[in-house]
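Read off the chains here:
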Amino acid sequence: MKKIIGISSMLTVLVTISVFYYFGDTRQNIPYDIENPDFETGDLSGWEIVEGNAFQDENVTDQNTYWDEDILFEHEGNYHVWGFSGEDEETNPDDRTGIMKSSHFLLSGTGEINFLISGGEDERHLYVALVQAEDEKVLMKATGHQSETYRRVVWDASDYIGEEVYIKVVDQATGDFGHINVDDFRVHVKEGESKKTADMELDKKEELERGSFRPQYHFTADENWLNDPNGMVYYEGEYHLFYQHNPEDNVWGPMHWGHAISEDLVHWKHQDIALYPDENGTIFSGSAVVDEHDTSGLFNGETGLVAIFTYDDEGYQTQGIAYSQDNGRTWEKYEGNPVLDMPEEVDDFRDPNVFWYEDHETWVMALAAGQHVYFYQSHNLIDWVFTGEFGGEGALDGVWECPELFEMSVDGNVDETKWVLQVSVIDGGPAGGSGMQYFIGDFNGETFVNENAEDHVLWTDYGADYYAAVSWSDVPDGRQVWLGWMNNWQYAEATPTDTWRGAMSIPRDLSLTRTEDGLRVVQEPAKELKALQGEGQHWSNEIVSEGTDLLQNVQGDTVEIIAEFEVNDQTTATEFGLEVHKGEHEQTTVGYDVHHAHLFVDRSESGETNLHHLFGDRQHAPMSPMNETVKIHIFVDRSSVEVFGNNGTTVFTNQVFPTENHSDIDIYVQGGDITLRSLHIYPLDAASFTSYTEGP
């Protein structure tokens, strides 16, 4: 036995020596490092331009910040490759494509390779690769993360030690964030020089955090991309939530209608995809109604559901319908689709909102057309006649989308009603980027008339992340309840989530009330959410000063907070509020500026804020005390903070992405004292979201 082991060991040594000398004989002229690995020459010396014009000497820059803001690239040394820079004035830098490669090297040392990367996220068209020189096989790949700020990627390529390899940088992407940035390639890492311990642990931490961003009581797609809520309808005891969905990727793509059902607006069951693209185009937003009297003739005299939606065929937008005879579980498209063609005078023609107008006994459609809303009538949901339009008023910085028109009583008085027209604006919102505005006025069945001045803007939500909200139709007791997409088109595809992207807000009850400034829409958390409340903690009649530690050891990343502060002439504090998702260096602040009578949300230190240069801006809205009271009602989830000021007259909706593993809650005060009349903090249980399974 010992002799056999000795012979085996000897053979192993001999083979090892043989392999060592084989490398030495055939590859002795291949270096262990690449030329110009950190671009400190100020150009692309040592790198070969394989094709295209995405990578030029002019892309090597010593610029420290980007987009004329004080946001750092965080590169190494003086120079780095910024794919968006360059001097080709004839081409948008994001539309340039190309490939460059490093000099060949012999992988050695520990086998670790690490480098800095940023820019667009597209592993198919925009990436750094480790390539085997012998057969051009791609061994490892990394892409950006929709940000200009660098992150270090660490590869364990130890399986390829001794191989002749090179680095390839590929940019075959166009459009927004169609560029890649690189710096500081370290390909010959010796023992003790590894970046594994710090950076790989950081990567694992980030992966864990990204998983923990999944909301616990806000609706998300089971996986992949979600945006606008669609087809909101209540039927036979069930709330149907359809939504814009890309089932193949976590970025916007070919739109389908995803689908989920709830009996209580809290717990949801995912369903099979309701509507797929077809020869008429992909499926954009729309609505759904209960055809109670079979006006469509699609139900043989029975009742059923009809969905009205936009087809998009590379920008040519028409309207189609589909119907369901089994409570929304399956859908059949109308064979005569489309039912409404695109007028020649518009570039956008989408997002039909349909409702029954009792006074004329007809269906009415409100449709977004540029910065106008077109109105149509139909007696059968199939044949539509144009009746009027409204537009050119309010916020006009971006295209209008997802209109909704509904009638509401004023302060609950059924004898006094007004019509509310809600419109989403793709740009120019109060916090930058997309947002929502509304108009109050009258509707005669054919067109809408705004009762306010043309340039007067009424914002639905003052936060950055509330868009495309629509109401459920046919809800009992005439209740108006809705939710919106909790995101912003400025950074919607860059949020730091992986298996899913995009969430809905909590459902909200709507009402119309008269204020000192006129009629205003009020949003309050839907009453059904109380079912998630756990045992709360309560405080009352506390004087809070700077440094007061009233909420010592109070924590929670899924909580409901209801606070009432006394604000009058005797108030000495200049600012006060609450801090949530608080860690050692992070928090999201919900505060009140006493002097300016402003409610505000500040997420500048909320965690990961480099999604967009406006992400960390402080948002504010006017809000005067009511009866010497400022009421702040907050819903906190793992990646969102929703704020309802003074019973929902002022609302903020925001995503946040904390990076510290802390969830403290605190009260803060500046400039003096504040009287805390009452404070209630409730932990919130997780809602259930049941995945779809085929079969009964």
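Residues numbered from 1 in each chain as written. Predicted model: local features only at pLDDT ≥ 70, side-chain atom pairs only at ≥ 80, totals over all residues. Heavy atoms only, no water.

(A) Expanded view of the layout of surface pockets. Each pocket or cavity is described by its volume, and for the second largest pocket that value is around 1000 Å³. What lines the second largest pocket is a set of 39 residues, and nearest its centre among them are Val354, Phe355, Trp356, Ser473 and Asp474. (1 Å grid on protein atoms, 1.4 Å probe; cavity = no way out; pocket = protein on both sides within 12 Å on 5 of 7 lines; lining within 4 Å. Points joined across faces, edges and corners; volume = space filled by probe spheres on them.)

(B) Geometry of a negative patch on the surface. A cluster of acidic residues, Glu358, Asp359, Glu361 and Glu407, forms a negative patch at the surface. Tracing the backbone shows Asp359 in the loop between strand S20 (350–357) and strand S21 (362–369). (Patch = residues over 30% accessible without salt bridge, like charges linked within 9 Å, V, L, I, M, F, W, Y side chains within 5 Å. Areas by Shrake-Rupley, 256 points an atom, 1.4 Å probe, with all protein chains shown as cover. Salt bridge = Lys/Arg side-chain N within 4 Å of Asp/Glu carboxyl O. Lys, Arg positive; Asp, Glu negative; His and termini not counted. Charge placed at Lys NZ, Arg CZ, Asp CG, Glu CD. Helix = DSSP H or I, 4+ residues; strand = E, 2+ residues; numbered from the N terminus.)

(C) How the structure looks around the sheet that holds strand S12 (residues 224–235). Pairing is mixed across the open sheet formed by 6 strands, whose spatial order is S31-S12-S13-S14-S15-S45. At either margin of the open sheet sits one strand with a lone partner, and together these are strand S31 (500–501) and strand S45 (689–690). Judged from the 2 bridges that link them, S12 and S31 form a sheet pairing that is parallel. By the bridge assignment, Trp225 is partnered in S31 with Arg501. (Pairing = 2+ DSSP bridges.)

(D) Structural detail: the side chain of Thr497. Within the fold, Thr497 resides in the loop between strand S30 (481–485) and S31. Thr497 sits in the buried class, given a relative accessible area of 1%. Engagement of the side chain of Thr497 in a polar contact is seen with the backbone oxygen of Trp500, the distance being 2.5 Å. (Buried < 20%, exposed > 50% of the residue type's maximum accessible area, 1.4 Å probe, protein only. Polar contact = N/O pair within 3.5 Å; in protein donor to acceptor, adjacent residues only side chain to side chain.)

(E) Geometry of the nonpolar core. Residues Ile561, Ile634, Val643 and Leu679 are the most contacted members of the largest nonpolar core, which totals 35 residues. If near-sequence neighbours (up to four positions away) are discounted, Ile634 is found in contact with Val559, Glu560, Ile561, Leu578, Val590, Val641, Glu642 and Val643. With 30 residues, the next largest nonpolar core counts Phe115, Leu130, Leu139 and Ile167 among its residues. (Core = buried A, V, L, I, M, F, W, Y, C linked by side-chain atoms within 4.5 Å. Contact = heavy atoms within 4.5 Å.)

(F) Region of interest: the packing of aromatic side chains. Across all of its chains, the model carries 48 aromatic pairs by this definition. Taken together, a centroid distance of 5.8 Å and an interplanar angle of 65 degrees make the contact between Phe219 and Trp268 edge-to-face. With Phe219 in the loop between helix H2 (196–212) and S12 and Trp268 in strand S15 (residues 268–270), the pair connects residues that are 49 residues apart, well separated along the chain. Looking at Phe219, the relative accessible area reads 3%, which means it is buried. Between the aromatic rings of Trp257 and Phe309, the centroid separation amounts to 6.2 Å while the plane-to-plane angle is 65 degrees, which identifies the pairing as edge-to-face. Residue Trp257 is found in strand S14 (residues 256–262), and its partner Phe309 is found in strand S17 (residues 304–313); the two are separated by 52 residues along the sequence. For Trp257, a relative accessible area of 0% gives the class buried. Members of the aromatic cluster, each reached through a chain of ring pairs, are Phe219, Tyr234, Tyr239, Tyr243, Trp268, Trp472 and Phe689. Over the aromatic face of Tyr166 sits the side chain of Lys101, whose NZ or CZ is 4.1 Å from the ring centroid. Sitting above the plane of the Tyr127 ring, Lys141 keeps its charged end 4.2 Å from the centroid. (Phe/Tyr/Trp six-rings, centres within 6.5 Å; stacked < 30°, edge-to-face > 60°. Lys NZ or Arg CZ within 6 Å of the ring centre and 35° of its normal.)

(G) Fine view of the environment of Tyr491. Assignment of secondary structure puts Tyr491 in the loop between S30 and S31. Given a relative accessible area of 2%, Tyr491 falls into the buried group. Sequence-wise, Tyr491 and Asn610 are 119 residues apart; in three dimensions their C-alpha atoms are separated by 9.6 Å. Leaving out residues up to four positions away in the same chain, Tyr491 has contacts with Ala464, Asp465, Arg603, Leu611, His612, Phe615 and Gln655.

(H) A look at the sheet that holds S17. Overall, antiparallel pairing links the 4 strands, which are arranged S16-S17-S18-S19 in an open sheet. Strands with a single pairing partner mark the edges of an open sheet, and in this sheet they are strand S16 (282–291) and strand S19 (332–333). Pairing analysis gives 8 bridges linking S16 to S17, with the strands arranged antiparallel. Bridging from a neighbouring strand, Val290 pairs with Leu305 of S17.

(I) Representation of the pairing of strand S24 (residues 400–410) within the structure. With 9 of its 11 residues buried, S24 lies for the most part within the structure. Here 9 bridges tie S24 to strand S25 (residues 413–425), and the two strands are oriented antiparallel to one another. Bridge pairing in S25 places Glu404 opposite Gln422.

(J) Focus on the environment of Met436. Along the chain, Met436 falls in strand S26 (residues 435–443). It is 6.6 Å that separates the C-alpha atoms of Met436 and Asp461, two residues lying 25 residues apart in sequence. Look past the residues within four positions of Met436 in its chain and what remains in contact with it is Gln422, Val423, Ser424, Leu458, Trp459, Thr460, Asp461, Tyr466, Tyr467, Ala468, Ala469 and Trp482.

(K) Region of the structure containing the confidence of the model for the protein chain. Taken as a whole, the protein chain shows an average pLDDT of 91; of its residues, 92% reach a score of 70 or greater. This model gives residues 1–26 a pLDDT under 50, and the stretch forms 2 contacts once residues within four places in sequence are excluded. (pLDDT = per-residue confidence, 0-100.)

(L) Here's a closer look at the environment of Phe115. Mapped onto the elements of the fold, Phe115 is located in strand S6 (residues 112–119). Here Phe115 falls in the buried class, since its relative accessible area comes to 0%. Between the alpha carbons of Phe115 and Pro37 there is a distance of 9.3 Å; along the sequence they are 78 residues apart. Excluding its chain neighbours within four sequence positions, the residues that come into contact with Phe115 are Val128, Ala142, Arg151, Arg152, Val153, Trp155, Asp183, Asp184 and Phe185.

(M) Representation of the pattern of salt bridges in the model. For the structure on display, the rule yields 22 salt bridges. With a closest N to O distance of 4.0 Å, Arg501 and Glu121 form a salt bridge. Of this pair, Arg501 sits in strand S31 while Glu121 sits in the loop between S6 and strand S7 (126–132), placing them 380 residues apart in sequence. Between Glu579 and Lys582 there is a salt bridge; the shortest N-O distance is 2.9 Å. On the basis of relative accessibility, which here comes to 11%, the residue Glu579 falls in the buried class.

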